[in-house]
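# Summary of the model geometry
In case you want the letters, here they are:
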Amino acid sequence: MTAETPSAKTDLNAPQQRAVSLPVTRPPTHGLILAGAGSGKTRVLTTRIAWLLSNGWARPDEILAVTFTNKAAREMTTRLAAQAAVNPHGLWIGTFHGLCHRLLRLHHRDANLPRAFQILDSTDQLAAIRRLMKTLGIDDEDYPPRELQHFINAHKEKGVRADGVETWDRISRGKAEIYAAYEAQCQREGVTDFAELLLRAHELLSRHEPLRRHYQERFRHILVDEFQDANRLQYDWLKLLAGGGAAVFAVGDDDQSIYAFRGAEVGNMRDFEREFADVRVIRLEQNYRSHGHILAAANALIQHNRERLGKELWTDASEGEPIRVYEAARDQDEAAFVVDEARALAREGIRQSQMAVLYRANAQSRALEHEFFARGVAYRVYGGLRFFERQEIKRALAYLRLIANPDDDTAFLYAVNFPARGIGARSLENLQAGARRMNASLHAAVASLSGKAAVAAGGFVRLIEDLRLETSGLPLPEQIAHVIERAGLAGHYQNEKDGRERLENLDELINAAAVFAGGEEGRRAEEAGGMLPAFLGYASLESGEHQAGEGEEAVQLMTVHAAKGLEFDAVFITGLEQGLFPHDNALPDARALEEERRLMYVAITRARRRLYLSFTQNRMLHGQVRYAAPSQFFAELPPECLKWLTRARTARPDAAFWRAGLAPFQRSAAIPESVEPAPEFPGGLELGMNVRHAKFGFGVIVDARGSGEETRVAVNFGNAGIKWLTLAYAQLEPAS
DNA sequence: TGGGAGTGCTTTTTT
DNA sequence: AGCACTCCCA
């Protein structure tokens, strides 16, 4: 039976074939593969690698494959391993950050880093900045730490050190000074942050000629996934590495660029074409994933963007089912709808793990989770609170970090008085002052204390020293288990009322360490002689999501960002309300709005067969009820692709309506809580209807309370805000 | 010093 | 709503 069918799945189409077998020449021919959603991008990448290897064009160690997320790197490794005759172990496959980390560990001396240097995650980084400002005595009113964090990272991502920052006034000079002080602090403590990994690795290679030559000559083929997400520094890093004549094979889709907010520059794709001598551009436009209606909707939507390289997806597949649209009164109802449908789909034979519920922001998951849980439908949430970011995990890691590197002040402060050992704020202030005087770490400054504080802090220093001695030579999981016990974390959480789950997580940490130590990275670290630092690095770079529950049969809940690169039989895109998706922050900015639209494009193209779009009239967010009109994206989708499960919103707001300044996601005036929601209200009006008011102009009815003559309605008038009006007096007219 | 109550801020997205 | 942070009392 199967032998008769031409196996479209294993054969490549013509452009794919051209990409995979792009000739290997000298000087090199580079490839820029513009690969639309669902056009077989990952397959082209992995097949290209297999092709290079099996035809003898390259040895495994001559290949470098870079991705942006750990998930993508794992995926690529798995798919390569599945291709016969390819042993993925010799290859360097990883994220930009992971590879730079690896490079820096190997050459920490040349990079001017201590052997056991650590990586601050964004929370740690913010804490470090706050601490720094305190030491410097800088008011955080003048310089909000978050802003500084962004300032520092943005500059690092452009490859700019503190001494290269352009300043023009007092504030910018101040920021540059703090940046410089932050660099010095990190250097003294032996820590890096995410952006530092890239910048440091770039500097290492650009300054150290023999090393640069070594890697330039080693990597003959550099393959890049999701190239549209590269920031300036990452692009420069590639350019540097490829400078010795390596062939670059970059795959990307400008329509799926959704990380401009953190520095990704789609412009890199144009620069690449210009700056690399011989670049072949190949477009992959045939979509193998989605049914016709879904693809048509995606195409129509993205056409509203102006800044595009131009590309239109097409498919052989039939139109398939229409996209179902559902309007709910509130977020709970939306969640109930999703769960109902998920169950129905399961009865039709779609596996739960093949269903995804997507949302714009993590905060939206709560209502959904609640409903899934209450109805006993298996689900799994990605993102949100990551494993390695949990409080108890960070506490345990802080002790481990101190064992590896006692100068890590961030870790010191996180561990020193937890569990409580009588080292309070006062002692710590003294300690920090001492450290500053001595220009030394807190750990080193403990000797400068006197009195009771000296005893307590000295005890802590001794504890760290003891832990180091007691665990040295032990296998990693046992080291961690010992630290958890001996540092008092286990005891502390045993006594805490909801400490059970935390203890379980700590066990999970030991587990994760065992897995790490047994895996390839662990083996590599073993050889390099630094298992603990390597594991700590891994913990910083890896969110730890795949640790538990991977591959379980459950409905997948995640943000749209997290869904990029994945595909599902059935997809629910929820919270399609103006102000939420697209998000408020993006509305005034045309470029940001285009990014929101690309995000929506990514969301739509995740679906193979079935797609649901849903929105609510009001939603509980940040503890407040907010009201909204349907997302403007509804007006950008072809009506013939949509099937409204609730009353069709024919009165779609047109462009002029939005321009009129309706800001539909504004905070409401207080709801009259005591009054029941209106069951119905007179005058031919209803919820969601566009109306006109003599004084306030156009608006949308977003809520109604009371009955009969007492009926009051909340109308969102955009700039004028939300007003509660008594229907009997307000003289509202329906408007289209 | 440490815990409990009170206050204000968050949340867009992630390595 | 939840969380971090501050303030106040045992």
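Anyway, here's the lowdown on the structure attached to this text. Bear in mind that the values here come from a model prediction, so they are computed numbers and not experimental data.

### Here's the deal with the protein's contact with DNA strand B
Taken together, 26 residues sit near DNA strand B, with Phe-261, Arg-262, Arg-360, His-583 and His-622 positioned nearest. Within 4 Å of the protein, the contacting atoms of DNA strand B are 50% sugar and phosphate, with bases supplying the remainder. Here a phosphate oxygen of DNA strand B and a side-chain polar atom of Asn-362 are 3.0 Å apart. Residue classes in the surface near DNA strand B are distributed as seven nonpolar, 13 polar and six charged.

### Here's the deal with the packing of aromatic side chains
Applying the stated rule across the entire model yields 27 aromatic pairs. On the numbers, 5.8 Å between centres and 90° between planes, the contact of Phe-581 with Phe-633 is edge-to-face. Taken together, the residues Phe-581 in the loop between β13 (568–573) and α26 (590–604) and Phe-633 in the loop between β15 (624–627) and β16 (642–644) connect sequence positions 52 residues apart. Residue classification places Phe-581 among the buried positions, given a relative accessible area of 0%. The structure contains a cluster of three or more aromatic residues connected by ring pairs, namely Phe-227, Tyr-235, Phe-272 and Phe-276. The residue whose ring lies beneath Arg-262 is Tyr-259, and the NZ or CZ to ring-centre distance is 4.4 Å.

### Quick notes on the packing of helix α4 (residues 96–106) against helix α8 (residues 194–207)
Interaxial distance between α4 and α8 falls to 9 Å at its minimum, and their mutual angle equals 55°. Looking at the two axes, α4 sits oblique to α8. As α4 packs across α8, the resulting crossing turns out to be left-handed. Note on element contacts: α8 touches α4 through Phe-194, Leu-197, Leu-198, Arg-200, Ala-201, Leu-204 and Leu-205, opposite Phe-96, His-97, Cys-100, His-101, Leu-103 and Leu-104. When grouped by side-chain class, the residues that make up the contact of α4 with α8 number 10 nonpolar, two polar and one charged.

### Here's the deal with the pattern of salt bridges
As enumerated under the stated definition, the model contains 52 salt bridges in all. Among the salt bridges present, the one from Arg-280 reaches Asp-278, with a minimum N-O distance of 4.0 Å. Judged by relative accessible area, which is 37%, Arg-280 ranks as partly exposed. Classification of Asp-278 by relative accessible area gives partly exposed; the value is 32%. Measuring nitrogen to oxygen at the nearest pair gives 2.8 Å for the salt bridge that ties Arg-360 to Glu-596. With a gap of 236 residues between them, Arg-360 in the loop between β10 (355–359) and α14 (365–374) and Glu-596 in helix α26 connect regions that are remote in the sequence.

What counts and what doesn't
- Residues numbered from 1 in each chain as written.
- Chains lettered and ligands numbered in written order.
- Predicted model: local features only at pLDDT ≥ 70, side-chain atom pairs only at ≥ 80, totals over all residues.
- Heavy atoms only, no water.
- Near = heavy atom within 4 Å.
- Polar contact = N/O pair within 3.5 Å; in protein donor to acceptor, adjacent residues only side chain to side chain.
- Nonpolar A, V, L, I, M, F, W, Y, C, P; charged D, E, K, R; others polar.
- Phe/Tyr/Trp six-rings, centres within 6.5 Å; stacked < 30°, edge-to-face > 60°.
- Helix = DSSP H or I, 4+ residues; strand = E, 2+ residues; numbered from the N terminus.
- Buried < 20%, exposed > 50% of the residue type's maximum accessible area, 1.4 Å probe, protein only.
- Lys NZ or Arg CZ within 6 Å of the ring centre and 35° of its normal.
- Axes fitted to C-alpha atoms, helices over the stretch in contact; angles between N-to-C directions.
- Parallel < 35°, antiparallel > 145°, perpendicular 65-115°, else oblique.
- Left-handed = near helix turned anticlockwise from the far one by under 90°.
- Contact = heavy atoms within 4.5 Å.
- Salt bridge = Lys/Arg side-chain N within 4 Å of Asp/Glu carboxyl O.

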